[in-house]
Amino acid sequence: MSLEIKHIENSLSLLNRKWKIKKFDERKVIFFTQKFKLTYLIAKLLTIREVKEDSVVSFLNPDINLNIPDPFNLKDMKKAVKRVIKSLENNEKIGIIADYDVDGSTSAAILFKFLRHYTSKISLKIPNRLLDGYGPNLKIMNEMKKNNVGLIFTLDCGTTSNGIIDNKDYSNIDKIIIDHHLTDTNLPNVHSIINPNRDDESGNYKEMAAVGVTFLFLMALRKELRLSILFNKFKEPNLLSFLDLVALGTVCDIVNLKSYNRVFVKKGLEIIHKRHHKGIAKLIDNSKISSSPTSIDLGFKVGPQINAASRLDDSSLASKFLITNDNKIIESISRKLFLLNEKRKLIENKIFNEANLQAINQRDSNYILVYGNDWHPGVLGIVASKISDLYFKPAIVISFINDFGIGSARSIEGLDLGKIILNAKNKNILINGGGHSMAAGLKISINNLDRFNSFLKKSFKIYDLTIYQRIDEYDSVISVNELNTELVENLEILQPFGKGNPEPSFILTDIKIDSIKYIKDKHILIFFQNDIGNKIKGICFNAKGTILGDHLEKYKKFNFLISCNLSIDKFSRDFSPQIVIKDILKID
């Protein structure tokens, strides 16, 4: 390894990050190349992702027909299925309460689409993100009771709704919870709780999103319905056709894309490519995705349009859109979702810019606390995430209306922000608050803001300062001279990318820049040159006016190492490789 590569881990990049090259087992890589006829790089990437020998084939070629989960391994599955069949036999009204995010909306869509093959008596309610908050509430439960609903499903919520969903006022209504959120031993007293993360579960489904668990429930229900003579007259739903929605919810909920999740997403992307779901196809067109959609497209382009509904408007829009087959409704709602998402971006950018004026003065602190008046509550979490990522510190963003504020908080690895927020609540500094280690929410009186700030200072002092040094890990070091179309096309066999299987990341050496130019006055297009004179295109998004852009403009003055992802340039005639620049490290 050259001297410049040895120098990497002792230096800081232009974005003030340490770079670390991931370790791997060389012997295992050689073994994988020989046994599975893989290139060295692909074998190395599989080894880094801890793919076991007996999983290599299924990882590279996920096939749902060869990897079918058994839904009856989950507790309460059998009795929940029996209860639904009884409900259908008795022509009961069935209620569905689902979370407003993409996971909840896709869960609601596949359950509703399945049940309507057997009954028209279905009532779907989505809590309003801004007015009701998360999960079942008394208002919705009262509506269900008034409408004589006999059975209620809660999807992607309900596990922690003790005192609401099991309230004695609704004892005549049976409830089935289908969820994936972590639980403790104090579960609601309801008919069935299907949740792979129940404290008493020990199966292989713990990484599933709620939509994946809902899909398992539908597998079980369909199996039992096939045994019932009563339902032979109904046309059976095609469960595989639901996998586009399962893929969308799974990717957007950022669960590990391994095992069954990988199978769901791989097959779901194939179905999405065929454009069977008119609504998803319309959102893809809105996003101007010109090639076959990827998991990254779902997470960063399609998902935000769906989430925009609950952030700024009607939380039920997303599930209505994903359920309907009516072209006029699809056209109308898709346009509204697109416009809401554009509006969300404008609101988010305005609030971020205002918040960042405060944050920049706190960059030497152990945390960042920013606040403003009438900041839109639907985007506070996104702004907190952006500030936390920019400064690599916990960030708390509060919006005050009159004397009371609501806030969202985001953390960094190794620092339990949820616990700190909960402690503040328990000390009566906050009116309400809680969450998990990486994200939390809160409500506070403006009179307690200084007290809260003092409490945060004390709470964050216990953490070692090394926790605030961001370390970015990379899969491999690669020379510009090694880049070619075949290498980048080989990387595609690792798709779909996501949590647990990140897009491969590289440190690029032997940098020779021939020229640069601006695109839309914000992105920088770079033309690299290899040793035989071939040009390779690179791009650094939103680089103008940044430290990266400033150094790329002065490329003749510096020697660089570049951190990047590699992709196929789909706009070139020969589908040549393209370098997507993430960071730069100056070398002597």
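Structure shown above.
In every chain, residue numbers begin from 1 and rise along the written sequence. In view of the model being predicted, local features appear only for residues whose pLDDT reaches at least 70, and side-chain atom pairs are presented and counted only at 80 or more, with totals across whole chains, interfaces and linings using the full set of residues. Side-chain calculation: all heavy atoms of the structure are included, whereas hydrogens and water are not.

Caption draft 1: Broad picture of helix α2 (residues 26-36). Within the span of α2, buried status applies to V29, F32, T33 and F36. For α2, the angular spread of buried residues about the axis comes to 105°, placing them on one side. Opposite the buried face of α2, by more than 90 degrees, sit the exposed residues R27 and Q34. In this analysis, two residues are considered to be in contact whenever any of their non-hydrogen atoms come within 4.5 Å of each other. In this text, helices come from DSSP runs of H or I with a minimum length of four residues, and strands from runs of E with a minimum of two, each type numbered from the N-terminal end. Taken together, the buried residues of α2 touch α3 (40-48) and α4 (56-60). A positive phi of about 55° marks K37, the residue just after α2. Categorising residues by exposure relies on relative accessible area from a 1.4 Å probe, with only protein chains included: less than 20% of the type maximum marks a residue as buried, more than 50% marks it as exposed, and the intermediate range marks it as partly exposed. This arc describes the spread of directions from the helix axis toward the C-beta atoms.

Caption draft 2: Structural view of the nonpolar core. Think of a nonpolar core as a cluster: buried Ala, Val, Leu, Ile, Met, Phe, Trp, Tyr and Cys residues, connected wherever their side-chain atoms sit within 4.5 Å. Counting 95 residues, the largest nonpolar core has F153, F217 and I387 as the members making the most contacts within it. With ten residues, helix α8 (residues 210-225) is the largest single contributor of residues to this core. Ignoring any residue separated from it by four or fewer positions in sequence, one finds I387 in contact with F352, A355, A359, I368, V370, F392, A395 and V397. Judged by nonpolar contacts, the second largest core, of 42 residues, contains F32, V488, L494 and L508.

Caption draft 3: Here's a closer look at the environment of N530. Assignment of secondary structure puts N530 in the loop between β16 (523-529) and β17 (535-540). The sequence separation of N530 and D510 amounts to 20 residues, and the corresponding C-alpha distance is 8.1 Å. Ignoring sequence-local partners within four residues, the contact set of N530 consists of V480, N481 and I536. Side-chain atoms alone can form a polar contact between residues adjacent in sequence; in general such a contact is a pair of N or O atoms within 3.5 Å, and within protein one must be able to donate a hydrogen while the other accepts it. Engagement of the side chain of N530 in a polar contact is seen with the backbone nitrogen of N534, the distance being 2.9 Å.

Caption draft 4: Geometry of helix α9 (residues 243-252). With nine of ten residues buried, α9 is to be regarded as a mostly interior element. Buried-residue contacts for α9 involve α6 (102-115), α8, α10 (259-273), α11 (278-286), α12 (295-312) and α13 (317-323). Positive backbone phi, at 55°, marks I254, one or two positions downstream of α9.

Caption draft 5: Region of the structure containing the packing of aromatic side chains. In this scheme Phe, Tyr and Trp rings, the latter by its six-membered ring, pair at centre separations within 6.5 Å, and the angle between planes marks the pair as stacked below 30 degrees, edge-to-face above 60, and tilted otherwise. For the coordinates displayed, the defined rule picks out 13 aromatic pairs. Ring plane angle 85° and centroid distance 5.7 Å describe the contact between Y118 and F231, whose orientation is recorded as edge-to-face. On the criterion of sequence distance, the pair formed by Y118 in the loop between α6 and β3 (122-125) and F231 in the loop between α8 and α9 is long-range, its members being 113 residues apart. F231 shares its class with Y118; the two are buried. By relative accessible area, which is 6% here, F231 ends up buried. Ring pairs connect the aromatic residues F114, Y118, F231 and F234, which therefore count as one cluster. Note on geometry: a ring has a charge over it if NZ (lysine) or CZ (arginine) is within 6 Å of the ring centre and within 35 degrees of the ring normal. Residue placement shows K386 over the ring face of F352; its charged tip is 4.8 Å from the ring centre. Positioned above the aromatic ring of Y518, the side-chain terminus of K544 is 5.3 Å from the ring centre.

Caption draft 6: The arrangement of the side chain of K44 in detail. With respect to the helices, strands and loops of the structure, K44 is situated in helix α3. Lacking a salt bridge, the buried K44 has E26 as its closest oppositely charged neighbour, with an N-O distance of 7.1 Å. As used throughout, the charge tally considers Lys and Arg to be positive and Asp and Glu to be negative, leaving His and the chain termini uncounted. Salt bridge criterion: a side-chain nitrogen from Lys or Arg within 4 Å of a carboxyl oxygen from Asp or Glu.

Caption draft 7: A look at the sheet that holds strand β7 (residues 368-373). Strands are treated as partners if at least two bridges between them are detected by DSSP. Taken in spatial order, the five strands of this open sheet run β7-β8-β9-β11-β10, and their pairing is mixed. Strands with a single pairing partner mark the edges of an open sheet, and in this sheet they are β7 and β10 (432-435). Here the strands of the sheet are splayed against their neighbours by 15° on average, with no regard to which way each runs. Here four bridges tie β10 to strand β11 (residues 439-445), and the two strands are oriented antiparallel to one another. Residue G435 lies in a different strand from β11, and its bridge partner there is A440. Interaxial angles span 0 to 180 degrees and are taken between N-to-C directions of axes, which are lines fitted to C-alpha atoms, for helices over the stretch in contact.

Caption draft 8: Summary view of a positive patch on the surface. A cluster of basic residues, K288, R335, K520 and K522, forms a positive patch on the protein surface. Structurally, K520 can be placed in the loop between β15 (513-519) and β16. Patches here: salt-bridge-free residues with over 30% relative accessible area, like charges joined within 9 Å, nonpolar side chains (Val, Leu, Ile, Met, Phe, Trp, Tyr) joined within 5 Å. To be clear on the numbers: accessible area is Shrake-Rupley with a 1.4 Å probe, and residue cover counts the displayed protein chains and nothing else. Here the site of a charge means atom NZ of a Lys, CZ of an Arg, CG of an Asp or CD of a Glu.

Caption draft 9: Layout of the environment of I368. Here I368 shows up in strand β7. Given the relative accessible area of 0%, I368 is considered buried. For the pair I368 and D156, spaced 212 residues apart in sequence, the C-alpha to C-alpha distance is 31 Å.

Caption draft 10: Representation of the pairing of strand β14 (residues 506-509). Residues F506 and L508 of β14 are buried on one face, and the alternating residues I507 and T509, pointing to the opposite face, are buried as well. In this sheet, β14 lies alongside strand β13 (residues 476-479) in parallel orientation, the contact comprising four bridges. Paired with S476 across the two strands is F506, which belongs to β14.

Caption draft 11: Structural view of the pattern of salt bridges. The final tally for this structure, using the stated rule, is 32 salt bridges. Two residues, D389 and R470, come together in a salt bridge whose shortest N-O distance is 2.9 Å. With D389 in helix α15 (residues 380-391) and R470 in the loop between α17 (449-460) and β12 (471-474), this residue pair connects regions lying 81 residues apart in the sequence. D389 gets classed as partly exposed once you look at its relative accessible area, which sits at 42%. On the basis of relative accessible area, R470 is assigned to the buried category, the value being 18%. R470 serves as the salt-bridge partner of D472, at 2.9 Å between the closest nitrogen and oxygen. For the pair shown, D472 and R470 are each scored as buried. When salt bridges with common partners are traced through the structure, they connect R17, D389, R470 and D472 into a single cluster.

Caption draft 12: Broad picture of the side chain of R83. Relative to the helices and strands, R83 resides in helix α5 (residues 77-89). With residues up to four places along the chain from it excluded, the contact list for R83 reads E92, G150, L151, D174 and H191.

Caption draft 13: Region of interest: the sheet that holds strand β18 (residues 559-568). In spatial order, the strands read β13-β14-β18-β19-β17-β16-β15; together these seven strands make up an open sheet with mixed pairing. Whereas interior strands pair on both sides, the edge strands pair on one side only; in this sheet they are β13 and β15. For this sheet, the mean inter-axis angle between neighbouring strands, taken without regard to orientation, is 35°.

Caption draft 14: The packing of α6 against α8, seen in detail. Closest axis-to-axis distance for the α6/α8 pair is 8 Å, and the angle between their directions is 15°. In terms of axis orientation, α6 runs roughly parallel to α8. In this structure, the crossing between α6 and α8 has a hand that is right-handed. Contact residues: D103, T106, S107, I110, L111, F114 and L115 in α6; A210, V211, T214, F215, F217, L218, L221, R222 and L225 in α8. Polarity classes work like this: nonpolar for Ala, Val, Leu, Ile, Met, Phe, Trp, Tyr, Cys and Pro, charged for Asp, Glu, Lys and Arg, and polar for all others, with Gly in that last group. Split by residue class, the contact of α6 with α8 holds eleven nonpolar, three polar and two charged. The scheme is simple: roughly parallel for angles under 35 degrees, roughly antiparallel for over 145, roughly perpendicular for 65 to 115, oblique for anything else. Note on convention: near helix rotated counterclockwise from far helix by under a right angle means a left-handed crossing. Clockwise means right-handed.

Everything listed here is a matter of geometry and, on its own, says nothing about what the molecule does.
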